[in-house]
2 protein chains.
Amino acid sequence: MEAQIDEILRKNQLSVTGSRKRILELFLASNGALAHGDIEKKTGEKFDRVTVYRTLQTFLEKGIIHTIPTPDNSVLYALCKDNCTEGHHHDNHVHFICRECGKTICLADITIPEVKLPGGFLPHEYQMIVTGLCKECR
Amino acid sequence: MEAQIDEILRKNQLSVTGSRKRILELFLASNGALAHGDIEKKTGEKFDRVTVYRTLQTFLEKGIIHTIPTPDNSVLYALCKDNCTEGHHHDNHVHFICRECGKTICLADITIPEVKLPGGFLPHEYQMIVTGLCKECR
DNA sequence: CAAACGCATGCAACTTTGTTGCAAAATGAT
DNA sequence: ATCATTTTGCAACAAAGTTGCATGCGTTTG
Ligand SMILES: [Mn+2]
Ligand SMILES: [Mn+2]
Ligand SMILES: [Zn+2]
Ligand SMILES: [Zn+2]
């Protein structure tokens, strides 16, 4: 894990610092998405709030994580697949949000289906969010 | 319009007040979705910020409007179709957000396609957001 | 139409969330 | 070990959202 974390940071030309290692560790350990608040809670007093914001921002820019829009408009972040880069993301998968436990899961294998738009609209990116009950809560 | 507004409020057992009429009017006049900030700007000093929050909350609960999750995690609201009620919504249509002008449009005729989930997940509601360029901006 | 009731509003105070500038500290290269 | 460059923490601020309470307005009833 330690090695994996270092590798991800190095690959993205980021210096290896305490907060980056810790936050990346949290993402790798969690199988779901994390909110800014989750991260703050889990890191405790260890890092400043501002550092968490800036670290997430950096990870976003590098394509290490992506955001997930949620129906209640909270901000969630999840690890990107390996082939995401600064410019180009490949996160065209469906996201599932459990309305019971709140867990948000990247369904990496479920590709967002195509949809035909009315004339005039030029689509660029598709997002699909499914809410419901997860395995544990149903 | 005035009559239409009254009818919507009455149908939902809401008293007809200044702020509710004005905010509903804004939604009916706009063909896109509105953010809380948009509404505040357009109503000016006429109503308190808190009143706008509470009015939107009430409309949400009654099923008069629905929220739209956006990739940048801002909160957008749009009118529901007639057959939405307190408990049950029928807003299973695609939403389009223009990345140039920011306008958000309900594609009421475009139904969200079905998608097969891995075993264990019990889906309840589907959301689909497409970003890109609208007719005016392309 | 007047009176009375109950809900909606405005205001103030507060919390939460996110941003910015700057000095000190940590990192990576030499 | 030294130095240049980033990153961090702190403080101050701005924006966004919430809550309690007294007052005002809309609705109902007689
Ligand atoms: Mn994902
Ligand atoms: Mn809609
Ligand atoms: Zn669950
Ligand atoms: Zn546009």
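Thresholds applied
- Residues numbered from 1 in each chain as written.
- Chains lettered and ligands numbered in written order.
- Predicted model: local features only at pLDDT ≥ 70, side-chain atom pairs only at ≥ 80, totals over all residues.
- Heavy atoms only, no water.
- UniProt positions renumbered as here; feature names shortened; annotations may be inferred.
- Pairing = 2+ DSSP bridges.
- Helix = DSSP H or I, 4+ residues; strand = E, 2+ residues; numbered from the N terminus.
- Buried < 20%, exposed > 50% of the residue type's maximum accessible area, 1.4 Å probe, protein only.
- Arc of directions from axis to C-beta.
- Contact = heavy atoms within 4.5 Å.
- Near = heavy atom within 4 Å.
- Polar contact = N/O pair within 3.5 Å; in protein donor to acceptor, adjacent residues only side chain to side chain.

- Taking an unreviewed UniProt entry as the reference, chain A is identified by name as Fur family transcriptional regulator belonging to Niastella vici.
- UniProt, in its Sequence similarities (unreviewed entry) section for chain A, records the words "Belongs to the Fur family."

Details of the pairing of strand 5 (residues 104–111) of chain A
Along a regular strand, successive side chains alternate from one face of the sheet to the other.
Move 1: In this structure, strand 4 (residues 93–98) of chain A lies alongside strand 5 of chain A, joined through five bridges in antiparallel fashion. Counted as the bridge partner of Phe 96 of chain A is Ile 105 of chain A from strand 5 of chain A.

Some points on helix 1 (residues 2–11) of chain A
Note on helix geometry: an α-helix contains 3.6 residues per turn, so any two residues three or four positions apart are oriented the same way.
Residue and element names in this part refer to chain A.
Move 1: Listed as buried for helix 1 are Ile 5, Ile 8 and Leu 9. One face of helix 1 carries all of its buried residues, which in axial projection span an arc of 95°. Opposite the buried face of helix 1, at more than 90 degrees from it, the exposed residues are Ala 3, Glu 7, Arg 10 and Lys 11.
Move 2: At its buried positions, helix 1 is contacted by helix 2 (18–29) and helix 4 (49–62).
Move 3: Phi turns positive, to about 55°, at Gln 13, one or two residues after helix 1.

Concerning the protein's contact with DNA strand C
Move 1: Among the 19 residues in the neighbourhood of DNA strand C, the closest are listed as Tyr 53 of chain A together with Ser 19, Arg 20, Thr 51 and Arg 54 of chain B.
Move 2: Here, DNA strand C places atoms within 4 Å of the protein, and 62% of those atoms are sugar or phosphate.
Move 3: The separation between a phosphate oxygen of DNA strand C and a polar main-chain atom of Val 16 of chain A is 2.8 Å.
Move 4: At a separation of 2.7 Å, a phosphate oxygen of DNA strand C approaches a polar side-chain atom of Tyr 53 of chain A.
Move 5: Within the residue set of the surface near DNA strand C, elements represented by two or more residues are helix 4 of chain A together with helix 2 (18–29) and helix 4 (49–62) of chain B.

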